[in-house]
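Report on the structure
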Amino acid sequence: MNALAVLRRHPSIAIGGVIVLVVFAAALLAPWLSPHDPAAQNLVARLRPPGTAEHLLGTDRYGRDVLSRVLYGARVSLIVGPASVLIASILGLTLGLAAGYVGRKTDMLIGRVFDVMLAFPSILLALAIVAALGPSLGNMILAIGLSMTPTFGRVIRSAVIGVRARDYVASARALGAGHLFTIAVHVLPNILSAVLVVSTVAVASAILVEATMSFLGLGVPPPTATWGSMVAEGKGMFLTAPWIVISAGLPITVTVFGFSLLGDGIRDWLDPRSG
Amino acid sequence: MHRLRQTAAALAAIVTFATVGTAAAAPTPGELKVGVVADISTLDPQLMTNITDASVSQNINEGLVRFKLGNFEIEPLLAKSWSVSQDGLTWTFELVDNATFHKGYGPLTADDVVFTFERLTGDALKAPNRRLIGSFASISATSPHAVEIKLSAPDPSLLVKLAQRATAIVSKKAVEEKGAGFALDPIGTGPYQFDSRVTGQSVLLVKNPDYWGTPATLDKVTYTPVPDSTTLQLAFEAGDLDMIPVEDSVKLAEYEANPELTVQAVPGLWTRFIGFKDTVAPFDNPKVREAITYAIDRENMVDNLFKGLSTLADGIFAPAVLHRTPVVKYSYDPEKAKALLVEAGLADGFSVDMMVPNTARFIDPATAVQADLAKVGIKINVVPVELNTFITTLSSEQGYPMYLLARGQDPTPDRVIGLWFLSSSIPTTNWARISDPEIDAWVKQGLSTMDEAVRADVFAKAQEKFFAYNGYYFIDHENSITVHHNWVKNFVNDARNSIRIDKVTIEP
Amino acid sequence: MARLALKRLLAAIPTLFGAIVVVFFVVQLIPGDPVRVMLGENASAAEVEEVRTALGLNDPLPVQFLRFAGRYATGDLGVSIFSRQPVAGEIAQRLAPTVQLALGGVLVAIVLGVPMGVLAAARRGTLVDHLCLGASTLGVTVPNFLIGILLSFAFASKLGWFPTLGAGTGGFWSTLNALVLPSLTLGLAGMALVARMTRSAMIEALGEDYVRTANAKGLSQRRVVYWHALRNAAIPIVTIVGLNFGHLLGGTVVVELIFARPGLGKLLLDALLARDYPVVQGVCFLIAVLFILVNLIVDLLQPLLDPRVQP
């Protein structure tokens, strides 16, 4: 089934994909696209409205160019999102494989751990980790990654159980294949679709959590531009200077939407019965 | 049809709520709604350290004396008169004889005063301000309405200290009865009594019908803590709150331009500063500290970022503090800053964490300073820290190498100069770890003499030398700014933002 | 029914125990010394050591743990470092507004989400379907703090229909009034999930035999759709509300901040920042309890909603 046909039947993938690509491009090219240094303050030109050639999206409380900060903010979101998902997927994969493949006792133990972790709202877990370790890019990625691990673990576990029951796995084992070999060659490729679906949706979720934590003041510290902290800074003057909140809030929404759409589309494509 | 009925029902519900909603926003005569930034943590005068606690408590528990409304002259309160011995070591206070405690806890007697002071200075309570009166020796009741306080050395600022919360008089009977519960159910002699509190939502005081002095002008006073500045502003603008503090220059300009609001800005008793731990690299090198003083464009910050919120700091202490001298002078010269860094062997600059309490009041200047220092090659990481954790760490052995804070002061310099200048205060309050025998000698002399001329002289010398160390970079003196709706009458703001409501009435 | 309840309750106990274990050990992992935080800046190293021994913090971990678990089992959740008040009391004072807010959020999610899902299912594939899906997606993609700000500015500040802050002044209507905007903010994300789940459950149910039979028998279309199919869809809807409850509780932190409502979310955040460990432990434990409770209710509702499910 060629790529174009897939895209036509699942417009979500196309639209979502385009959005994600645009945001990635903006983040990647931020240093070249930004007209100003995002941290450059100009205390005399504070809170200028958008529309001038100098500042297309206006300036913020410190006179910093909003457009540049939005572009650089994309970098933080697009680093935190995928990186935390990477951590969650690696940890979740390890634990989920162990739970689904090894046997009942391991499964029960790991399952209980997941249950307990899932009893706590994931954002509170992430907040707790950052509050304990201190706000920084690395700690945020770790915190969000850890809080998403149980979700990954659960999904992968179900997928592994499903695959393990298949014939080809049994025959591979009968032919004398070692456990690791079986996992690597037979199990992993077949749970890839599940991982892919969960990952794309998880990135959307991670970006939202990062934005929320920045909003609460526990995000990457100043002067790094993040969309969440821009909304936090701008909300005080929402009536007099709405462009700050809108310029930062819109990209969060659009990016999250893009990833969600992509994830939905991929799920529809790989498993049309669900949703 | 079905759907239409549903929509009609929903609309009816919204309208009902809406009418209830709009009714709540109108002012009620006799009821004042104050917006504050933080929730109270305790209403026990001997235990409190934060400003919200103090603002609420001053209406409930009274001290022997208090400040006059709007300035810092001392006037009698529970002590109707006093005298001091020739050697300055014995103070005698005559108490009023008609003061009674709230809710039937009986009349105020000298025993309550003795109890309060012993409680403050005793070991059991571990009160944060127990050494407020450094030379306190003993207190005794000489008659049912008179007490005698004995000091081990003269204290020229004793009266100012007696106007503070730590020495506000509590009911002995109530404290003994309630124990730890007294902190959230305080009993005092004030014009208002504590009614109730909903954690994180409101503190309600009601008029004390049996008050011994001039009756209270309001029936109810509610303090609503709103940590989020936007919500605080919204609530105020919608009329849900009658008055709030102003800490944002954009909002200040807005409110000043609004004829239905009154802004009261008074030069405050605070100084904002950046601090260095002078015993660690790179700040152990005085050239580095000096370099930083040339690298920051204070005027730009104060004129533009803090427009209307503060004035450039020209002294360690705010202008209203007695015996303060304008010793602070900096010039903005980034080239000189770079040259000094080269001399210090740091031509490539360096990188350091700067801790700040996590509110806009400190993050704003920190962000501006960060940008300035970046231009001379010093890379600052601004690290916001929750206030209580911040103070605890700052005051410990560990301290912070670089941080930004504000120091609240008193009308007399004694308390703060002792805390900041003396080598004995390292590390708890002498955060720069300045240890200078000359400064120590001057300060100790000034603290223990009643001669104001001598005090002026030695304090001036101490301030000058202290400043030269560059252990701190003084940014500005913040103003105390409150905004209220015009239906709030007779409110007088003061330099400590105490929210004195002595004569306030509501006239919608 | 009672047997089912008992079974589920017993099954919840190990999870509850697990929560106590986690809550105890996580604090051990945090860098920094809670006793130093407690005693403040003036304490010397000797004093700190003394208090540590007095509090039993130098005992072996398993001993400390048993003591901890024992306290929790009897309802003693410790004392807050910051306020010096019992943690249980601090929590109790904030429990009501938090539960109100959570219920409000659940209500919004169901009241808005179910009709939207039904509509989308009934008009499957049309523009209406896509609009409903789109609207529900907005609930999940627009960050809740943005929704809160917008709602607050529009309906509380500008229009004055609702209060800008607080949990009401005590009366029934006042409490409800103060709940509207926060519940909307909290519930819109859940609405999206409920709408989608309703839609897919309804689509499945509409294809069932008994629906076609009912149709053939000539009952009015509307009644068939709403009554029979919805009852079938009820279980997955309730399940997803239960699973989403954790997210809902997490969302209360932001909502409580924006609307200045007292609540457990804010208590937890403040305690985390202030290193007030006893409060952190107590609140985390309570959240776990709430979550387990909600899932218990969800489990017990299932046989009620669909008699075919074996109790």
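Please read all numbers here as calculations on a predicted model, not as lab measurements. (Residues numbered from 1 in each chain as written. Chains lettered and ligands numbered in written order. Predicted model: local features only at pLDDT ≥ 70, side-chain atom pairs only at ≥ 80, totals over all residues. Heavy atoms only, no water.)

1. Things to note about the overall build of chain B
- Scanning chain B from N- to C-terminus turns up 15 helices and 20 strands.
- Computed over its C-alpha atoms, the radius of gyration of chain B comes to 25 Å, within 12% of the 23 Å expected for a compact globule of 508 residues.
- Dimensions of chain B along its principal axes, counting C-alpha atoms only, are 80 × 75 × 40 Å.
- The buried share of chain B, taken over its 508 residues, is 58%.
- Taking the contacts inside chain B whose residues are at least 6 apart along the sequence as the reference set, 69% of them involve residues at least 24 apart.
- Element-wise, carbon and sulfur atoms account for 55% of the exposed surface of chain B, whose accessible area totals about 19300 Å². (Helix = DSSP H or I, 4+ residues; strand = E, 2+ residues; numbered from the N terminus. Rg over C-alpha atoms; globule rule 2.2 N^0.38 Å. Buried < 20%, exposed > 50% of the residue type's maximum accessible area, 1.4 Å probe, protein only. Contact = heavy atoms within 4.5 Å. Areas by Shrake-Rupley, 256 points an atom, 1.4 Å probe, with all protein chains shown as cover.)

2. Quick look at the interface of chain B and chain C
- Counting residues at the interface gives 33 residues for chain B, matched by 38 residues for chain C.
- Roughly 3000 Å² of surface becomes buried between chain B and chain C when both sides are summed, with 63% attributable to carbon and sulfur atoms.
- Between the two partners, chain B and chain C, sit zero salt bridges.
- Elements that contribute at least two residues to the side of chain B that touches chain C include exactly α1 (2-24), α6 (229-237) and α12 (387-394) of chain B. (Buried area = accessible area lost by both parts, 1.4 Å probe. Salt bridge = Lys/Arg side-chain N within 4 Å of Asp/Glu carboxyl O.)

3. Thoughts on the packing of helix α10 (residues 227-234) of chain A against helix α11 (residues 243-270) of chain A
Residue and element names in this part refer to chain A.
- Relative to each other, α10 and α11 sit at 145°, their axes nearing to 8 Å. The crossing of α10 and α11 is left-handed. In contact with W227, G228, M230, V231 and G234 of α10, α11 contributes I244, V245, A248, G249, P251, I252 and T255.
- Residue composition of the contact of α10 with α11, by class: eight nonpolar, four polar and no charged. (Axes fitted to C-alpha atoms, helices over the stretch in contact; angles between N-to-C directions. Left-handed = near helix turned anticlockwise from the far one by under 90°. Nonpolar A, V, L, I, M, F, W, Y, C, P; charged D, E, K, R; others polar.)

4. Focus on the interface of chain C and chain A
- At the junction of the two partners, chain C supplies 41 residues and chain A supplies 33 residues.
- In total, chain C and chain A occlude about 3000 Å² of area from one another, counting both sides; carbon and sulfur atoms represent 81% of this.
- For chain C, the biggest contributors to the area lost against chain A are C:T141, C:F145 and C:F153; these three give 19% of the whole.
- Linking chain C with chain A are one salt bridge, by the criterion used here.
- There are one residue pair in polar contact (both at pLDDT 80 or more) connecting chain C and chain A. (Polar contact = N/O pair within 3.5 Å; in protein donor to acceptor, adjacent residues only side chain to side chain.)

5. A short note on the sheet that holds strand β5 (residues 90-95) of chain B
All names here are of chain B.
- Pairing in this open sheet of four strands is antiparallel, and the strands run β4-β5-β7-β6 from one edge to the other. The open sheet terminates on both sides in strands that have one partner only, identified here as β4 (79-84) and β6 (136-143). Going across the sheet, the axis of each strand differs from the next one's by a mean of 20°, ignoring polarity.
- Across five bridges, β4 lies against β5 in antiparallel orientation. Note that in β5 the partner of V84 across the bridge is W91.
- Contacting β5, β6 and β7 (146-151), helix α3 (residues 110-121) crosses the sheet at an angle of about 170° to β6. (Pairing = 2+ DSSP bridges.)

6. Here's the deal with the side chain of B:R433
All names here are of chain B.
- Residue placement: R433 occurs in the loop between α13 (414-421) and α14 (437-447).
- From its side chain, R433 meets the backbone oxygen of W431 in a polar contact 2.8 Å long.
- When sequence neighbours within four positions are dropped, the list of residues in contact with R433 reads K277, T279, S396, E397, Q398, G399, I426 and P427.

7. Comments concerning the packing of aromatic side chains
All names here are of chain B.
- Under the counting rule described, the total for this entry stands at 34 aromatic pairs over all chains.
- Ring geometry for F273 versus W420: centroids 5.1 Å apart, planes at 75°, classification edge-to-face. In this pair, F273 sits in strand β13 (residues 270-276) while W420 sits in helix α13, placing the two residues 147 residues apart along the sequence.
- Ring centres 5.5 Å apart and planes at 55° place the aromatic pair Y330 and F467 in the tilted group. (Phe/Tyr/Trp six-rings, centres within 6.5 Å; stacked < 30°, edge-to-face > 60°.)

8. A word on α10(A)
- Of all eight residues that make up α10(A), six are buried, and the element is covered over most of its length.
- Looking only at α10(A), the buried set comprises A:W227, A:G228, A:S229, A:M230, A:V231 and A:G234.
- The inward-facing, buried residues of α10(A) abut α2 (11-28), α4 (66-102), α9 (179-215) and α11 of chain A together with α7 (144-158) of chain C.

9. Quick notes on the nonpolar core
- Judged by nonpolar contacts, the single largest core of 135 residues is most densely connected at A:L127, A:F215, A:V231, C:F145 and C:F245.
- For this core, the leading source of residues is helix α10 (residues 221-258) of chain C, giving 14 residues.
- With residues near it in sequence (within four places) discarded, A:F215 still touches A:G228, A:S229, A:V231, A:A232, A:K235, C:F145, C:I149, C:V254, C:L257 and C:I258.
- Counting residues in hydrophobic clusters, the runner-up holds 134 residues, among them B:V113, B:V175, B:A462 and B:I475. (Core = buried A, V, L, I, M, F, W, Y, C linked by side-chain atoms within 4.5 Å.)

10. Some words on the confidence of the model for chain C
Residues and elements named next belong to chain C.
- Taken as a whole, chain C shows an average pLDDT of 80; of its residues, 86% reach a score of 70 or greater.
- Mean pLDDT per element in chain C: helix α9 (residues 209-217) is the minimum at 64, and helix α5 (residues 87-122) is the maximum at 89.
- Both scores are given for the predicted complex: the pTM is 0.82, the ipTM 0.83. (pLDDT = per-residue confidence, 0-100.)

11. What to know about a nonpolar patch on the surface
- Side chains of A:L28, A:L29, A:W32 and A:L33 sit close together on the surface and give an oily, nonpolar patch of about 490 Å² of accessible area.
- As for its position among the elements, A:L33 is in helix α3 (residues 30-33). (Patch = residues over 30% accessible without salt bridge, like charges linked within 9 Å, V, L, I, M, F, W, Y side chains within 5 Å.)

12. Some words on the pairing of strand β10 (residues 220-225) of chain B
All names here are of chain B.
- With respect to burial, β10 is a largely interior element, five of its six residues being buried.
- Examined bridge by bridge, strand β1 (residues 31-36) and β10 share six bridges and lie parallel to one another. What sits directly across from L32, in β10, is V221.

13. Side note on the pattern of salt bridges
- Taken as a whole and judged by the stated rule, the model has 40 salt bridges over all chains.
- In this structure, A:E233 and A:R64 form a salt bridge, with 3.4 Å as the shortest nitrogen-oxygen distance. You can see A:E233 sitting in helix α10 and its partner A:R64 sitting in the loop between α3 and α4, a full 169 residues away along the chain.
- The partner of B:R197 in a salt bridge is B:D39, with the nearest N and O atoms 2.9 Å apart. Taken together, the residues B:R197 in strand β8 (residues 192-198) and B:D39 in the loop between β1 and α2 (51-57) connect sequence positions 158 residues apart.
- Relative accessible area serves as the criterion here: at 19%, B:R197 is assigned to the buried category.
- Via salt bridges that share partners, A:D60, A:R64, A:R69 and A:E233 belong to a single interconnected network.

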